[in-house]
Amino acid sequence: MGSGEFCGHGALAKPVRSLRRRTATGALADVSLSLLLDCPGDVMRWLRILFFGAMLCGGSAGTAAETAGTHGMIDARDYGAQGDGTTLDTRAIQAAIDAAAQRGGGEVHLRSGTFLAGTVELRSNVALHLHAGAVLLASTKQADFTHRSLVYAEGAENIAVFGRGVLDGHGALSREFPKVRSHLLHLVNCRNITVKDVTLRNSTTWVQHYFRCTNLLVDGITVDSRINPDIEGPRHLSDAPGRNEDGLNLNSCRQVRVANCRINSDDDGIVLKSTSERPCSNVVISNCVVSSNASAVKLGTESGGGFENINVQNCAIYDTRNAGIALQIVDGGVLDGVNVSNVTMRNVKGSAIFLRLGNRARPYRAEKPGVGHMRNVIISNVQATGVGDWIEAAGKKVVGCSITGLPGHAVENVTLENIRIRFKGGGTLEDAAREVPERPEAYPACRMFGTLPAYGFYCRHVENLRFHNVELRFDNDDHRPAVVCEDVQDLNVFGLDAQSTPSTPAVIWLKQVDGALIHGCRPRQTAGPWLRLDGARSANVSLINNDLSRVGEVVRIGKEVAREAVFQGGRFPVSE
């Protein structure tokens with residue numbers, strides 16, 4: 001009775017599994033034992049006879065490779081792999097993979113040792129098992145790669161890379177830009193994929209790239225591909241500029257779970273892209289710890305197919321240069337239905353939250369894409385400390401968070417709920433008065449606008465924007481408003497608690513805002529106005545059920561704003 005067969009007797013049938021035992025003569029004996037002990041007695045008696053007979057007689061007379069192959073277990077050393085770190089083992093490993101595929105599938109094992117290789121290609125129904133102590137090391141010679149990847153598969157299904165071993169891209173050999181640039185994993189148009197527990201390190205480009213894959217699980221992996229640990233200095237002056245080592249790239253993939261991973265990358269950490277017409281959809285990212293020399297969790301830049309039904313939850317972000325969470329549509333496409341929840345951040349040098357609808361319009365097909373859409377985003381239960389850059393001798397680097405669309409192309413339906421962010425601060429009154437350029441064709445990055453007019457959130461070209469239970473603080477005095485909204489329609493602010501200074505022009509500054517409900521707020525003592533309203537198109541602003549007893553001046557409106565534009569449910573006067 002072989003592996004994968006069943007005990008008989010109809011409904012009493014139970015699966016059995018193959019165990020491999022080494023006999024006294026050193027041969028491998030393959031025997032089948034019941035997974036459960038309730039098979040009929042006569043079957044159990046025959047299993048005992050087969051087991052002890054095999055142990056005493058020394059098993060089959062075939063080679064170890066033949067015996068392992070029969071039951072889907074193949075050791076790459078049996079096909080000539082040396083694992084000495086100097087011999088090129090590509091052909092031997094590939095031969096083992098091909099042998100497993102020819103037998104209908106199985107596991108190829110790399111046991112302890114360093115296996116130097118170029119591209120090895122996975123086949124359907126084959127798993128690559130890297131044991132603890134095993135390193136699959138990328139060659140430094142271009143001729144050894146048939147694809148730009150150490151492990152590659154295209155059109156395969158039911159494949160896996162797993163174990164406690166290591167995929168090493170050899171990228172740490174030099175701080176110069178490497179001549180051989182290859183992914184550690186590159187899977188194209190594959191289905192039913194598992195990548196589990198392995199460590200991926202020292203890549204020379206995107207660490208792992210999954211393109212148009214379906215039903216993908218990435219679980220418990222470690223990515224350590226960061227040659228520039230310093231996030232204080234400018235990237236263009238870093239030790240190894242331009243390494244472009246994203247930790248994990250999901251490109252036009254569907255039905256994806258990324259869980260329990262630790263990612264430390266020299267470029268963006270976890271990135272979703274769509275360089276084809278197919279959107280990245282039905283993706284859950286959970287329980288991950290991420291540090292990045294760029295942004296930690298990012299959707300975009302390449303966005304032609306868009307992003308649908310994405311959930312990011314229960315993640316910890318630390319020591320990150322740009323944005324903690326970045327959602328971007330700049331090359332066409334639609335971002336629709338994204339939830340980010342239960343995220344903590346520490347020492348994020350750019351923005352905690354950055355949303356951008358732009359028009360870089362990089363084409364992925366013959367025609368140039370038009371402006372895309374960004375809508376239906378909920379970001380909740382986020383705590384962040386040490387956000388932004390303090391003013392240093394090297395120059396002003398204070399930023400802020402932003403949600404920005406384009407004139408006539410608004411970001412739609414964004415909710416920020418239960419958010420607590422503590423910024424480093426340092427903004428000036430001159431920063432608060434800045435006119436922010438539109439920059440529709442610019443590469444999206446949290447520093448693209450320079451220091452923003454708000455230390456907390458700068459929001460422009462947005463429809464249906466909610467701030468619910470948002471707390472904003474700073475370590476060093478910041479004279480900018482906490483929130484600035486410009487060309488926003490239908491704003492809802494509930495329970496905002498924001499720090500200010502005596503010279504702050506307003507805690508909340510609305511410009512060209514039509515339809516705003518500000519309620520349930522109990523602001524701290526402010527010397528200047530709490531709310532400022534400017535712009536001839538500003539209208540339908542209501543302040544209801546707020547405790548404004550500690551506010552010196554509640555609302556200041558510009559001369560171009562009609563007095564009836566503001567309705568206040570209270571006894572505090574509106575001044576000009």
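Residues numbered from 1 in each chain as written. Predicted model: local features only at pLDDT ≥ 70, side-chain atom pairs only at ≥ 80, totals over all residues. Heavy atoms only, no water.

## Re the overall build of the protein
Alright, step 1. Summing up its helical and strand segments, the protein has four helices and 41 strands in all.
Alright, step 2. Considering only contacts within the protein whose residues lie at least 6 apart along the sequence, 74% involve residues at least 24 apart.
Alright, step 3. Approximately 23,000 Å² of the protein is accessible, and the part contributed by carbon and sulfur atoms is 49%. (Helix = DSSP H or I, 4+ residues; strand = E, 2+ residues; numbered from the N terminus. Contact = heavy atoms within 4.5 Å. Areas by Shrake-Rupley, 256 points an atom, 1.4 Å probe, with all protein chains shown as cover.)

## Focus: the packing of aromatic side chains
Alright, step 1. By the definition in use, this model includes three aromatic pairs.
Alright, step 2. Considering the side-chain rings of phenylalanine 423 and tyrosine 455, the 5.8 Å spacing of their centres and the 85° angle between planes classify their relative orientation as edge-to-face. Of this pair, phenylalanine 423 sits in strand 32 (residues 411-425) while tyrosine 455 sits in the loop between helix 4 (429-432) and strand 33 (457-476); the two residues are 32 residues apart in sequence, bridging distant segments of the chain.
Alright, step 3. Of the residues examined, tyrosine 455 reaches a relative accessible area of 0% and is grouped as buried.
Alright, step 4. Relative to phenylalanine 474, the ring of tyrosine 455 lies with its centre 5.0 Å away and its plane at 85°, an arrangement referred to as edge-to-face. Placement of the pair is tyrosine 455 in the loop between helix 4 and strand 33 and phenylalanine 474 in strand 33, with a sequence separation of 19 residues. With respect to burial, tyrosine 455 and phenylalanine 474 carry one shared label: buried.
Alright, step 5. Grouped by ring-pair contacts, the aromatic residues Phe423, Tyr455 and Phe474 constitute a single cluster. (Phe/Tyr/Trp six-rings, centres within 6.5 Å; stacked < 30°, edge-to-face > 60°. Buried < 20%, exposed > 50% of the residue type's maximum accessible area, 1.4 Å probe, protein only.)

## Quick notes on the state of the cysteines
Alright, step 1. All told, the structure shown has zero disulfides when counted by the stated rule.
Alright, step 2. Looking at the unpaired cysteine 401, the closest cysteine sulfur is the one in cysteine 446, lying at 8.9 Å.
Alright, step 3. The buried category is assigned to cysteine 401, whose relative accessible area is 0%. (Disulfide = S-S within 2.5 Å.)

## Examining the pairing of strand 32
Alright, step 1. Across nine bridges, the pairing between strand 30 (residues 373-387) and strand 32 is parallel. Each bridged residue has a counterpart across the sheet, and for arginine 375 the counterpart in strand 32 is glutamate 412.
Alright, step 2. Here strand 32 pairs with strand 33 via 12 bridges, running parallel. Bridge pairing links arginine 420 to glutamate 471 in strand 33. (Pairing = 2+ DSSP bridges.)

## Some words on the pattern of salt bridges
Proximity of charged atoms lets side chains of opposite charge pair with each other.
Alright, step 1. Under the defined criterion, the tally for this structure stands at 24 salt bridges.
Alright, step 2. Aspartate 331 is the salt-bridge partner of arginine 360, the closest N and O atoms lying 2.7 Å from each other. Placement of arginine 360 in the loop between strand 29 (353-357) and strand 30 and of aspartate 331 in the loop between strand 27 (325-329) and strand 28 (334-348) is noted, with a sequence separation of 29 residues between them. (Salt bridge = Lys/Arg side-chain N within 4 Å of Asp/Glu carboxyl O.)

## A few points about unusual backbone geometry
Alright, step 1. Here the residue pair glycine 300 and threonine 301 is connected by a cis peptide bond, since its omega of 15° sits within 30 degrees of zero.
Alright, step 2. One can find threonine 301 in strand 25 (residues 297-303).
Alright, step 3. With a phi angle near 55°, serine 252 is a residue other than glycine that sits in the positive phi range.
Alright, step 4. If you trace the backbone, serine 252 turns up in the loop between strand 19 (248-251) and strand 20 (254-259).

## Some details on the confidence of the model for the protein
Alright, step 1. In the predicted model, the protein carries a mean pLDDT of 86, and the fraction of residues at 70 or more is 82%.
Alright, step 2. Across residues 1-70, where pLDDT falls below 50, the model places 97 contacts with residues more than four positions away in sequence or in other chains. (pLDDT = per-residue confidence, 0-100.)

## Some remarks on helix 3 (residues 90-102)
The α-helix winds at 3.6 residues per turn, so residues separated by three or four positions along the chain end up facing the same way.
Alright, step 1. End to end, helix 3 covers 18 Å across 13 residues, agreeing with the expected 18 Å (1.5 Å per residue, within 8%).
Alright, step 2. Among the residues of helix 3, those classed as buried are Thr90, Ala92, Ile93, Gln94, Ala96, Ile97, Ala99 and Ala100.
Alright, step 3. Following helix 3 by one or two positions, glycine 104 adopts a phi angle in the positive range, close to 100°. (Expected span 1.5 Å × (residues − 1).)

## Some words on the environment of threonine 194
Alright, step 1. Looking at where threonine 194 falls in the secondary structure, it is placed in strand 14 (residues 191-196).
Alright, step 2. Accessibility expressed as a relative area gives 27% for threonine 194, which makes it partly exposed.
Alright, step 3. In sequence terms threonine 194 and alanine 127 are 67 residues apart; their C-alpha atoms lie 8.8 Å from each other.
Alright, step 4. Aside from chain neighbours lying at most four places away, what touches threonine 194 is Ile159, Ala160, Val161 and Leu217.

## Focus on the environment of isoleucine 263
Alright, step 1. Tracing the backbone shows isoleucine 263 in strand 21 (residues 262-265).
Alright, step 2. Spatially, the C-alpha atoms of isoleucine 263 and alanine 296 are 8.9 Å apart, while their sequence positions differ by 33 residues.
Alright, step 3. In this view, isoleucine 263 contacts Val223, Gly247, Leu248, Gly269, Ile270, Val289, Val290 and Ser291; residues no more than four positions away in its chain are not counted.

## Some details on the pairing of strand 16 (residues 208-211)
Alright, step 1. Residues Gln208 and Tyr210 of strand 16 are buried on one face, and the alternating residues His209 and Phe211, pointing to the opposite face, are buried as well.
Alright, step 2. In terms of strand pairing, strand 13 (residues 183-188) meets strand 16 through four bridges, oriented parallel. Counted as the bridge partner of leucine 185 is glutamine 208 from strand 16.
Alright, step 3. Alignment of strand 16 against strand 19, held across three bridges, turns out to be parallel. In the sheet register, histidine 209 faces strand 19, and the bridge partner there is asparagine 249.

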